[in-house]
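A closer look at the structure
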There are 2 protein chains.
Amino acid sequence: MKEFVPVLKRTKLFSGVGDDDISTMLSCLEARLLTYKKGEYVLRQGEHLSDILVLAEGRLHIQRDDYWGNRSILGHIGVGEIFGEAYVAPESGTLLNDVIAVEDSAVFFFDVKRVISTCSSACRFHTMVVQNLFFAISEKNRGLVQKLDYMSRRTTREKLLSYLSEEAKKQNSASITLPFNRQQLADYLSVDRSAMSNELCKMRDEGLLEFEKNRFRLF
Amino acid sequence: MKEFVPVLKRTKLFSGVGDDDISTMLSCLEARLLTYKKGEYVLRQGEHLSDILVLAEGRLHIQRDDYWGNRSILGHIGVGEIFGEAYVAPESGTLLNDVIAVEDSAVFFFDVKRVISTCSSACRFHTMVVQNLFFAISEKNRGLVQKLDYMSRRTTREKLLSYLSEEAKKQNSASITLPFNRQQLADYLSVDRSAMSNELCKMRDEGLLEFEKNRFRLF
DNA sequence: ACGAGTCGGTTGTATTTACAACAGAAAGGA
DNA sequence: TCCTTTCTGTTGTAAATACAACCGACTCGT
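Below is a summary of the structure that appears in this document. (Residues numbered from 1 in each chain as written. Chains lettered and ligands numbered in written order. Predicted model: local features only at pLDDT ≥ 70, side-chain atom pairs only at ≥ 80, totals over all residues. Heavy atoms only, no water.)

As a further point, take the protein's contact with DNA strand C. Surveying the vicinity of DNA strand C reveals 18 residues, the closest of which are Ser197, Asn198 and Phe211 of chain A together with Thr155 and Thr156 of chain B. Counted by atom, the contact set of DNA strand C within 4 Å of the protein is 64% sugar and phosphate. At 2.9 Å, a backbone N or O of Arg182 of chain A approaches a phosphate oxygen of DNA strand C. Between a phosphate oxygen of DNA strand C and a side-chain N or O atom of Lys213 of chain B, the distance comes to 3.1 Å. (Near = heavy atom within 4 Å. Polar contact = N/O pair within 3.5 Å; in protein donor to acceptor, adjacent residues only side chain to side chain.)

Facing the 51 residues of chain A at the interface are 51 residues of chain B. Buried surface at the junction of chain A and chain B, summed over both partners, amounts to about 4,500 Å²; 63% is from carbon and sulfur atoms. Linking chain A to chain B there are zero salt bridges. Connecting chain A to chain B are 10 residue pairs in polar contact (both at pLDDT 80 or more). Residue assignment for the side of chain A that touches chain B shows that the elements contributing at least two residues are helix H3 (112–116), helix H4 (126–151) and helix H5 (156–171) of chain A. (Contact = heavy atoms within 4.5 Å. Buried area = accessible area lost by both parts, 1.4 Å probe. Salt bridge = Lys/Arg side-chain N within 4 Å of Asp/Glu carboxyl O. Helix = DSSP H or I, 4+ residues; strand = E, 2+ residues; numbered from the N terminus.)

This part covers the sheet that holds strand S8 (residues 105–111) of chain B. All names here are of chain B. Ordered in space as S1-S8-S3-S6, the four strands form an open sheet in which the pairing is antiparallel. Looking at the sheet topology across the chains shown, the edges are occupied by strand S1 (32–36) and strand S6 (82–83). Note that S1 and S8 share five bridges and pair antiparallel. Note on S8: the bridge partner recorded for Tyr36 is Ser105. (Pairing = 2+ DSSP bridges.)

Take the relation of the copies chain A and chain B next. One copy of the chain maps onto the second through a rotation around an axis plus a translation along that axis. Laying chain A over chain B is done by rotating through 180° and shifting 0.0 Å along the axis; what remains is an RMSD of 0.1 Å. Within this description, the copies of the chain are treated as partners about a two-fold rotation axis. Interface overlap between copies is the fraction of interface residues in one copy that are interface residues in the other; for chain A against chain B it reaches 100%, indicating a shared surface. (Least-squares fit on C-alpha atoms with pLDDT ≥ 70 in both.)

The tally for this structure, following the rule as stated, stands at two cavities of 30 Å³ or more. Its volume calculated, the second largest cavity comes out at about 40 Å³. The wall of the second largest cavity is formed by Val130 and Phe134 of chain A together with Ile116, Val130 and Phe134 of chain B. Elements with a minimum of two residues in the lining of the second largest cavity: H4 of chain A together with helix H4 (126–151) of chain B. Classifying every residue of the lining of the second largest cavity gives five nonpolar, no polar and no charged. (1 Å grid on protein atoms, 1.4 Å probe; cavity = no way out; pocket = protein on both sides within 12 Å on 5 of 7 lines; lining within 4 Å. Points joined across faces, edges and corners; volume = space filled by probe spheres on them. Nonpolar A, V, L, I, M, F, W, Y, C, P; charged D, E, K, R; others polar.)

Among the surface-exposed residues, Glu3, Glu40, Glu57 and Asp104 of chain A lie close enough to one another that they form a single negatively charged patch. Turning to its location among the elements, Glu57 of chain A is positioned in strand S3 (residues 51–57). (Patch = residues over 30% accessible without salt bridge, like charges linked within 9 Å, V, L, I, M, F, W, Y side chains within 5 Å. Areas by Shrake-Rupley, 256 points an atom, 1.4 Å probe, with all protein chains shown as cover. Lys, Arg positive; Asp, Glu negative; His and termini not counted. Charge placed at Lys NZ, Arg CZ, Asp CG, Glu CD.)

With that settled, consider the packing of H4 of chain B against helix H5 (residues 156–171) of chain B. Residues and elements named next belong to chain B. Axis separation between H4 and H5 bottoms out at 8 Å; the angle between their running directions is 145°. Note on element contacts: H5 touches H4 through Lys159, Ser162, Tyr163 and Glu166, opposite Arg142, Gln146, Tyr150 and Met151. Of the residues contributing to the contact of H4 with H5, the split by class is three nonpolar, two polar and three charged. (Axes fitted to C-alpha atoms, helices over the stretch in contact; angles between N-to-C directions.)

Now for the protein's contact with DNA strand D. Taken together, 16 residues surround DNA strand D, and among them Thr155 and Thr156 of chain A together with Arg182, Asn198 and Phe211 of chain B come closest. Within 4 Å of the protein, the contacting atoms of DNA strand D are 60% sugar and phosphate, with bases supplying the remainder. Asp192 of chain A places a polar main-chain atom, nitrogen or oxygen, 3.1 Å from a phosphate oxygen of DNA strand D. Here a base oxygen of DNA strand D and a side-chain polar atom of Arg193 of chain B are 3.1 Å apart. Broken down by secondary-structure element, the contributors of at least two residues to the surface near DNA strand D are helix H7 (193–205) of chain A together with helix H7 (193–205) of chain B. A per-element tally of the surface near DNA strand D places H7 of chain B first, with five residues. Its residues placed into classes, the surface near DNA strand D shows four nonpolar, seven polar and five charged.

For the rest of this paragraph, the subject is unusual backbone geometry. Residues and elements named next belong to chain B. Here Glu30, not a glycine, exhibits a phi torsion of approximately 55°, which is positive. Considering the arrangement of structural elements, one finds Glu30 in the loop between helix H2 (19–28) and S1. The class for Glu30 is partly exposed, based on a relative accessible area of 48%. Here the phi dihedral of Asn172 falls at roughly 55°; this positive angle occurs in a residue that is not glycine. Residue Asn172 is classed as exposed on the basis of its relative accessible area, which comes to 70%. (Buried < 20%, exposed > 50% of the residue type's maximum accessible area, 1.4 Å probe, protein only.)

All names here are of chain B. By the definition in use, this model includes 26 salt bridges over all chains. The shortest N-O distance in the salt bridge between Glu206 and Arg157 comes to 2.9 Å. In this pair, Glu206 is assigned in the loop between H7 and strand S10 (209–212) and Arg157 in helix H5, connecting sequence segments 49 residues apart.

This part is about the environment of Gly39 of chain B. Residue and element names in this part refer to chain B. Examined against the element boundaries, Gly39 turns out to sit in the loop between S1 and strand S2 (41–43). The exposure class of Gly39 is partly exposed, given its relative accessible area of 45%. Sequence separation between Gly39 and Val99 is 60 residues, and the spatial gap between their C-alpha atoms is 9.9 Å. Not counting residues within four places of it along the chain, the set of residues in contact with Gly39 comprises Ile100 and Ala101.

Once that is clear, we can look at the packing of aromatic side chains. Residue and element names in this part refer to chain A. Counted by the stated rule, this structure contains 20 aromatic pairs over all chains. Centroid distance Tyr150 to Tyr163: 5.4 Å. Interplanar angle 85°. Geometry classified as edge-to-face. With Tyr150 in helix H4 and Tyr163 in helix H5, this residue pair connects regions lying 13 residues apart in the sequence. For Tyr163, a relative accessible area of 3% puts it in the buried group. Three or more aromatic residues joined by ring pairs make a cluster, and in this case those are Phe4, Phe14, Phe108 and Phe110. Note that Arg44 overlies the ring of Tyr41, its terminal NZ or CZ placed 3.8 Å from the centroid. (Phe/Tyr/Trp six-rings, centres within 6.5 Å; stacked < 30°, edge-to-face > 60°. Lys NZ or Arg CZ within 6 Å of the ring centre and 35° of its normal.)

As structure tokens, this is what we get:
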């Protein structure tokens, strides 16, 4: 478990906490480290959860199998990311998605009650971890609101424009580099890739923007 | 300010905290109470925010004016609700929406740094408030993920089915009562009302469900 | 240099949607 | 009761979308 302290140190959850203090907290929080082989389920839709999770090693997919068995991948979880935090409230409903290891992976489990109950003075940095957690969730929340904003637009063009103009605002420039290729962008905005590609070209022909690969410039 | 203690007592933020302790905490947290006339802005898109807000009195709209000045109402805030929590992280971006008073309103402002830094022993319940806040945001987070799930569907029918079946799961019955009328449901799912109405009737004719007003039964 | 695989753009068609306009039913107030 | 307003369903049309199929450019490993 100690071997992952350097990894934890770089996570949002333990940001600003020293190695020794992280080690101490792992015991204090009764952290558990579970490992998964490629293809195994880490979390299953419909379960209840009372732990905050942090990926220590490997890579995970967030996916959903709908009504008719169609599988869709909603997102990825990389090393150091926090997840599960949306389901740990006492009155919270069950998990809405599956989480699956796409590589051999290791996951830290922290009982949420221990995390948010500041304990004895032994953990000097416990308060900081609580704050880190709070801010991490807050930011995630904003990201979700943001995405909902894009997704609530009716047409592909509107979705693209709202996404691109927001990204331009964020990167503070009319020239922006997207973190997606076309397929990923289409997935993110929940539209058809070819229709989106088509729309992008129309917008370029109308002089609204230009692009090359994942670099865009807005006018 | 004290006059709103009974209101605060019933909020998620102060759930489980006694009247006297709430009064104490109002000072300790340096809470500010601001009032707004009908039509005034409480928050403006693009601003930064470092406070958690709780509506003490009145009613607010969350709205967005898009590119071309089209106004759309994204939601309502009722008495006792917490808002603003998605924007208070130090690295957080600016507000994504406007918040406007649709009635004369009163709003509590709590500086987030004070809220999540547990103070001296004077505030016995400070830890509980931090936990309350955490769980409130966690639940909000789940709600957003849920809505994203509906919205990521491509067709109106799929959106309806995912929403209705989830609601049936939540209400633990095939007969469910929706908290929306048709227009509100259409707004929630970001689809056209008449198209949705049409689709609902088609689904009824196909024997997938039946409904009367906002009572639905799934088959 | 070769072939496999990935990526982005294009096209055509069937499906789905938005939008506008209208009508009947229900609710609520004067 | 009558009038107004709100809610819901219906229809037609123009617009937008999904989907499938295909093509060329590019990358990468051998």
